[in-house]
Amino acid sequence: MYTLQTITLFLFGFFLHSCKGAGIEYVGCYEDSSSNRILQGSFYFSDSNSPAECSKICSNYKFFGVQSGRHCRCGNALYSSTQKPESECSFICPGDRSKICGADWRINLYRHSDCPLGSNSVNCSKQCNCRVGSCDNVTGACGNEGCTDGWTGLACNERCALGSYSVNCSKQCHCRVGLCDSVTGACGNGGCKDGWKGIVCNESCPLGSYSVNCSKQCHCLVGPCDGVKGDCENDGCKDGWTGIACNDKCGGVLTESFGVITSPNFPSYYSHKLQCTWVINAPEGSRINVNLTDFKMETHSKCNYDYLELFNGPNASSPPIGKYCGEAPPKGFQSQSNSVGIVFITDQSQSAMGFRMTYTFTQDCPHERNSVNCSNQCHCLVGTCDSVTGACGNGVCKDGWKGTACNETCPHGSYSINCSNHCHCRLGPCDGVTGACGNGGCKDGWTGIACNEKCGGVLTESFGVITSPNFPSYYSHKLQCTWVINAPEGSRINVNLTDFKMETHSKCNFDYLELFNGPNASSPPIGKYCGEAPPKGFQSQSNSVGIVFITDQSQSAMGFRMTYTFTQDCPHERNSVNCSNQCHCRVGPCDGVTGACGNGVCKDGWKGTACNETCPHGSYSVNCSKYCHCRVGPCDGVTGACGNGGCKDGWTGIACNEKCGGVLTDPFGVITSPNYPSNYNRNVQCTWVINASEGYQINVNFTDFALEDSSECNYDFLGLFYGPNASSPLVGKFCGTAPPWRFQSQSNSVRIVFSTDSSDSARGFNLTYTFSVQDLFYMGCYEDSKNRILADYDYHSESNSPTECSNNCSHYKFFGVEARTHCLCGNTLHSTTKKPESECSFICSGDRSQICGAHWRINIYSHGDCPLGRTGVNCSKRCHCRVNPCDNVTGTCGNGGCKDGWKGMACNESCTLGSYSVNCSKQCHCRVGPCDGVTGACGNDGCTDGWTGIACNEKCGGVLTDPFGVITSPNYPSKYNRKVQCTWDINASEGYQINVNVTDFALEHHTECNYDYLELFNGPNASFPSFGKFCGTAPPRGFQSQSNSVRIVFSSDSSDSARGFNLTYTFSVHGCTFGRYSVNCSKQCHCRVGPCEGVTGACGNDGCKDGWAGIACNETNVSISTTERQHDHSEDDKSISEKLHNPVLAATLSSVLGVVLVAAVLFAVVYIRRRRRQSAGGASDNTDLSPEHNYEDLLTSRDTGNYDYLEMPSRCQKESTH
């Protein structure tokens, strides 16, 4: 039987043996270069490399690392220590895609050591986190450089407490959610706790502000407000402010003789928890008249929640007038003294518009009396007048009165409120209220009850318009209007009715228009008209026309509109004395005297007052308003046609007013037929001349071509010339739908002629052109290095340029200039690392108009002549470059990239399903088939679930497994799109539940939320119980799931939109133990009764245990002196030491501790074996549960979040535990 001492020695020896040689530490991300290798001992290249693989290969070296994904490097010394951010070592390992393997000229560095970097003490059993180098092997001390950001303690193995960061946790942060960044202190999306601001949330809110980032204002009487709620505590608010945060303005003492009082925010809804008191004080002997104009509050039978209370005196002890709520406003009243008290109270629940009231001071005069001894009379529309001045409170008098005291009668010719309306009675004044003129009737030319509607009169102007009263609105009843039009002797009057609609009757006995061929009703009648059929225009037989308009007391209609002009007895289109002048009016005859056309519009081809001036050269149409560009003579005045002379150069169309052709000198351009892509016009003659500089040639490529077809191209055609004019060599004459091949000019000029005849038309053409150095083809900017991209010939000269280099390399296919002076030639490209054009930016020394590469950068050209859009041997391959031709050999398109819908080096691969745009660089998520290559539009089938937008590339919905997150509606805080369907599934691990809190909410409102809504389910799909379906602006309350899954559905219809929503979620262990809360139940609370809330730790109404305070009862509020604590500890220590000095008790304790230790060791062995068997049984086929695998995962993971819940054990620690 083994003794306790024997078992302990055996376990300790096994522990030492198993730890020997353990330890791999991650050093960091470092710069590596070809000139100064950071590790020079050994080099091993393989696609299967990873940190674990490289550790085995470099097992005999102290340091090792992976660079560029495939290079495993080993060494016993570091030759460089240029540390870089870890983001620069971001390549995924080809051999193990779960690991990171450096990047270009970046290496992830590890080392083998007796104790791994970051561990110390016996058996390397303790962990340290030193800023520089390893810690002391015995004590773990980190030296002068201190701890890595986020760690503290002698051995830098204590995590920074919540609310601290930086070296040795020396700085403070106050983040709303979770830990702050251990290096910068940044708080992430959660923002600062209430009462703090700044990047790291360590600046307390200044006096007078509170809440998130100190964004809200408070007005406390003394000191600052609470940083979270804005509560001003016992000192209360400054005068004139109310509310928890003293930021609601209300109350005060009012002494003005007239005023307006409203609830805070009126007419918007008032705030909760308001207590506002107003006192109105009038002079002695006066009374106060109070009138409520608006009133709407929360309803209650006893007005116990929100209410307005009025007192017949200055305070609440004065006689009450009443206590009011709901929507029925109190009646106006007059105080019994010179003071009125007003109290407005609201609770914490519902809100409404509130109230608006006016008040005035008055003396005890009878109604409508004022002044000393009430000697003056007033006539106010509403309420009594001021007892001193007589002023009406709202400034409005009764009908027929005006003035400050409303005691002045309306003057002759006015009536209504404040005498604001006018009347035109034949005799005496009109009625002060209605304006009625009595039996005397209206003055001539006026009609209506108040004789204020104008109608009738004598007209002598040569042109005019007559309408029924109120036209085009309905005319009044009982009208009698008479107009007489008088023209000079020898003239006639032309009358034309443009609008006509009256009450219909077979004999026109009710409402009618009557016309007479003379000045009055005894003249020969022309006709009596009603209904909707307008009379025909006519010309009078004399120089006068009489017009009578009558309406009865029943129906009404729009009425009529007519125009008239004077004329002499001239033939049509003649005017003036003896009809000697001619006019060319578009409609009707011209004025017989002036020749003016009634509506001011001339026939096509004429202009001027009398439309007798022909259009000047180059214009045509109505009033000569359009322009033409004929080669010879004027154009046709009506159509603008130019006749046989045709159009001037650069113009086309029937009227030669469509621009085409011109001289082009830009090095790149696009030319299209007129109206492209719509059909071109007939009879078009367009000529373009493209001129490049000397030594350059022009490359022309057709992207679209469709002309009328004929065997000889004699009708519509495109002609191309090797030169600037029509005598230059002809490239060809083209028509039909087969586009011309791309061609390259033989000189620095090209002529393009487009001609159409008078018959058929088609879509036309679209072509692009570019300039290039003659006989040279530019391929792009490339990287050069010690391994020359062109290695056949190197010619060094200060006078080098692409042109000079072309001559020196005339026997080679490729050439280029690097760093201004090196002309390199070759028939093969040894590297094709293409770079942006901006990296080849040196000006050539020999020819400053050209570019000559840069350091280790070369501009490459080729001697070749593939047409635009072709590449490869015999130009047999296609490329689709956005700008300029592609590379003759590789087909590379340069900086312009590919046309929309194409990708690949030669831009000859169409976009794969789910991509579009330049180089297929954008993603689309269409439900069926590919999206449009240019716009990404998905067509009628719509988007894949979880996506929205034209190209279905706006993400909404998804599966979320992170322990904390934020979910917003698409575009938030801008308005969400219409017809959106988003589903989020939040999945926590078994044993966890999910806490959801909605921080912002604004959706289209509907009583049943049938249009836009947010719905929450207590499970992973819609078949689980729903927490609720929400819309409007009232956010859902926070909740905690009953399982480890929550589904969130957001749906919008095709109509209104709004700001949307923002919600946060966190995971927490299901059912934390008593006194624990938060993620993983990691926080403690001290509630007096029952457990605390699982998310916030709130203790409810029963409050905290003695000595604790705060929401979660985890803040101490009882101070115990250091002396008392030391005394208590010394007493405890003394009592324990005295007990241990008892021999019998000491022996008993030793035996008990031995038994406990043996039991603990045996229990650990059984428990770990059982857990490993369970892990092996539940693991998938491709899951490695070995300690080595787990250790490598931890070694390569640099997520600081892992350190909160899991230390990275060395192999010996795991084996010893086992």
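Residues numbered from 1 in each chain as written. Predicted model: local features only at pLDDT ≥ 70, side-chain atom pairs only at ≥ 80, totals over all residues. Heavy atoms only, no water.

**Focus on the overall build of the chain**
Line of reasoning, step 1. Within the chain, the regular secondary structure consists of seven helices and 88 strands.
Line of reasoning, step 2. Among the 1218 residues that make up the chain, the fraction classed as buried is 43%.
Line of reasoning, step 3. Of the contacts made within the chain by residues no fewer than 6 positions apart, 57% connect residues no fewer than 24 positions apart.
Line of reasoning, step 4. In the form shown here, the chain has an accessible surface area of approximately 63400 Å², with 50% of it arising from carbon and sulfur atoms. (Helix = DSSP H or I, 4+ residues; strand = E, 2+ residues; numbered from the N terminus. Buried < 20%, exposed > 50% of the residue type's maximum accessible area, 1.4 Å probe, protein only. Contact = heavy atoms within 4.5 Å. Areas by Shrake-Rupley, 256 points an atom, 1.4 Å probe, with all protein chains shown as cover.)

**Section: the environment of K1105**
Line of reasoning, step 1. By secondary structure assignment, the location of K1105 is in the loop between β86 (1083-1084) and β87 (1108-1109).
Line of reasoning, step 2. Here the alpha-carbon distance between K1105 and R1088, two residues 17 residues apart in the chain, equals 4.5 Å.
Line of reasoning, step 3. For K1105, the contacting residues outside a window of four places in its chain are H1086, C1087 and R1088.

**Re the packing of aromatic side chains**
Line of reasoning, step 1. Tallied over the full model, the rule gives 20 aromatic pairs.
Line of reasoning, step 2. Arranged with centres 6.0 Å apart and planes meeting at 90°, the rings of W984 and F1061 form a pair that is edge-to-face. Of this pair, W984 sits in strand β78 (residues 981-987) while F1061 is found in strand β84 (residues 1060-1069), placing the two residues 77 residues apart along the sequence.
Line of reasoning, step 3. A relative accessible area of 0% means that F1061 is categorised as buried.
Line of reasoning, step 4. An aromatic cluster of three or more residues is present, and its members are Y270, W278, F344 and F355.
Line of reasoning, step 5. One residue, K733, lies across the ring of F717, its end atom 4.4 Å from the ring centre.
Line of reasoning, step 6. Between the NZ or CZ atom of K1029 and the centre of the ring of Y1013, over which it lies, the distance is 4.3 Å. (Phe/Tyr/Trp six-rings, centres within 6.5 Å; stacked < 30°, edge-to-face > 60°. Lys NZ or Arg CZ within 6 Å of the ring centre and 35° of its normal.)

**What about the sheet that holds strand β19 (residues 252-254)?**
Line of reasoning, step 1. Ordered by their spatial adjacency, five strands build an open sheet running β19-β21-β26-β23-β24, and the pairing between neighbours is mixed. Only two strands of the sheet have a single neighbouring strand rather than two, namely β19 and β24 (320-324). Looking at each pair of strands side by side, their axes are set apart by 15° on average, direction ignored.
Line of reasoning, step 2. Sheet topology note: the strand β23 (residues 307-311)/β24 ladder contains four bridges and is antiparallel. Counted as the bridge partner of F311 is P320 from β24. (Pairing = 2+ DSSP bridges. Axes fitted to C-alpha atoms, helices over the stretch in contact; angles between N-to-C directions.)

**Describing the pairing of strand β21 (residues 275-281)**
Line of reasoning, step 1. Looking at chain direction, β19 and β21 are connected through three bridges and run parallel. What sits directly across from G252, in β21, is W278.
Line of reasoning, step 2. Looking at chain direction, β21 and strand β26 (residues 339-345) are connected through seven bridges and run antiparallel. Its bridge partner being in β26, I280 is matched across the sheet by V340.

**Here's the deal with the state of the cysteines**
Line of reasoning, step 1. Counted by the stated rule, this structure contains 34 disulfides.
Line of reasoning, step 2. With a sulfur-sulfur separation of 1.9 Å, C250 is cross-linked through a disulfide to C276. Because the torsion about its S-S bond is -90°, the bridge between C250 and C276 counts as left-handed. Of this pair, C250 sits in the loop between β18 (248-249) and β19 while C276 sits in strand β21, and the two are 26 residues apart along the sequence. In this pair, the class of C250 matches that of C276, namely buried.
Line of reasoning, step 3. There is a disulfide in this structure between C911 and C920, and the S-S distance comes to 2.0 Å. Every disulfide takes its handedness from the sign of the S-S torsion; for C911 and C920 that torsion is -95°, giving left-handed.
Line of reasoning, step 4. Judged by its relative accessible area of 8%, C920 is buried. (Disulfide = S-S within 2.5 Å.)

**Points about the environment of P1035**
Line of reasoning, step 1. Tracing the sequence through the fold places P1035 in the loop between β81 (1026-1030) and β82 (1039-1040).
Line of reasoning, step 2. Residues P1035 and V998, spaced 37 residues apart in sequence, show a C-alpha to C-alpha distance of 6.4 Å.
Line of reasoning, step 3. Not counting residues within four places of it along the chain, the set of residues in contact with P1035 comprises V998 and F1001.

**Some points on the pattern of salt bridges**
Line of reasoning, step 1. Inspection of the entire model under this criterion finds seven salt bridges.
Line of reasoning, step 2. The shortest N-O distance in the salt bridge between K84 and E31 comes to 3.8 Å. Placement of K84 in strand β5 (residues 83-84) and of E31 in strand β1 (residues 24-31) is noted, with a sequence separation of 53 residues between them.
Line of reasoning, step 3. The exposure class assigned to K84 is partly exposed, which follows from its relative accessible area of 25%.
Line of reasoning, step 4. In this structure, D985 and R1047 form a salt bridge, with 2.8 Å as the shortest nitrogen-oxygen distance. Of this pair, D985 sits in strand β78 while R1047 sits in strand β83 (residues 1045-1051), and the two are 62 residues apart along the sequence. Take D985 and R1047: they sit in the same class, and that class is buried.
Line of reasoning, step 5. By sharing partners, the salt bridges in this structure join D32, R37 and R73 into a single network. (Salt bridge = Lys/Arg side-chain N within 4 Å of Asp/Glu carboxyl O.)

**Quick look at unusual backbone geometry**
Line of reasoning, step 1. Between F471 and P472 the backbone carries a cis peptide bond, its omega angle lying at 5°.
Line of reasoning, step 2. Counting through the fold element by element, P472 comes out in the loop between β37 (463-467) and β38 (480-486).
Line of reasoning, step 3. Note that the residue after Y676, namely P677, is joined by a cis bond; omega there is 5°.
Line of reasoning, step 4. With respect to the secondary-structure elements, P677 resides in the loop between β54 (668-672) and β55 (685-691).
Line of reasoning, step 5. Although it is not a glycine, N675 sits at a positive phi angle of roughly 75°.
Line of reasoning, step 6. Positionally, N675 belongs in the loop between β54 and β55.

**As for the side chain of N129**
Line of reasoning, step 1. In this structure, N129 sits in the loop between β8 (126-127) and β9 (151-152).
Line of reasoning, step 2. A distance of 2.8 Å separates the side chain of N129 from the backbone oxygen of C156, its partner in a polar contact. (Polar contact = N/O pair within 3.5 Å; in protein donor to acceptor, adjacent residues only side chain to side chain.)

**Remarks on the confidence of the model for the chain**
Line of reasoning, step 1. Confidence in the prediction for the chain averages 78 pLDDT; 81% of positions are at 70 or higher.
Line of reasoning, step 2. Confidence drops under a pLDDT of 50 for residues 1-22, and excluding neighbours within four residues, the segment shows 20 contacts in the predicted structure.
Line of reasoning, step 3. Low pLDDT, under 50, characterises residues 1118-1152; the stretch is placed with five contacts to residues that sit more than four places away or in other chains. (pLDDT = per-residue confidence, 0-100.)

**As for the side chain of D347**
Line of reasoning, step 1. Examined against the element boundaries, D347 turns out to sit in the loop between β26 and β27 (354-362).
Line of reasoning, step 2. Non-local contacts of D347, meaning those with residues more than four positions away in its chain, are made with H272, K273, E298, Y305 and D306.

**Let's talk about the sheet that holds strand β76 (residues 958-960)**
Line of reasoning, step 1. As summarised here, the arrangement of the five strands in space is β76-β78-β83-β80-β81, forming an open sheet in which the pairing is mixed. Among the strands making up the open sheet, the edge pair consists of β76 and β81. On average, adjacent strands in this sheet sit at an angle of 15° to one another, irrespective of strand direction.
Line of reasoning, step 2. As paired strands, β78 and β83 are joined by seven bridges and run antiparallel to one another.

**Points about the pairing of β83**
Line of reasoning, step 1. With seven of seven residues buried, β83 is to be regarded as a mostly interior element.
Line of reasoning, step 2. Side chains S1045, R1047, V1049 and S1051 of β83 all project onto a buried face; the interleaved residues V1046, I1048 and F1050 project onto the opposite face, where all are buried too.
Line of reasoning, step 3. Sheet topology note: the strand β80 (residues 1013-1017)/β83 ladder contains five bridges and is antiparallel. Each bridged residue has a counterpart across the sheet, and for L1016 the counterpart in β83 is I1048.

**A word on a nonpolar patch on the surface**
Line of reasoning, step 1. On the surface, a cluster of nonpolar side chains totalling about 220 Å² of accessible area is made up of L381, V382 and I417.
Line of reasoning, step 2. Residue position: I417 is located in the loop between β32 (414-415) and β33 (421-422). (Patch = residues over 30% accessible without salt bridge, like charges linked within 9 Å, V, L, I, M, F, W, Y side chains within 5 Å.)

**What about the environment of T434?**
Line of reasoning, step 1. Of note, T434 is situated in the loop between β33 and β34 (446-447).
Line of reasoning, step 2. In this structure, the C-alpha to C-alpha distance between T434 and D399, residues 35 residues apart in sequence, is 8.3 Å.
Line of reasoning, step 3. Once you skip the residues sitting within four places of it in the chain, T434 turns out to touch Y415, I449 and A450.
Line of reasoning, step 4. Within the structure, T434 has its side chain in polar contact with the backbone nitrogen of A436 (distance 3.2 Å).

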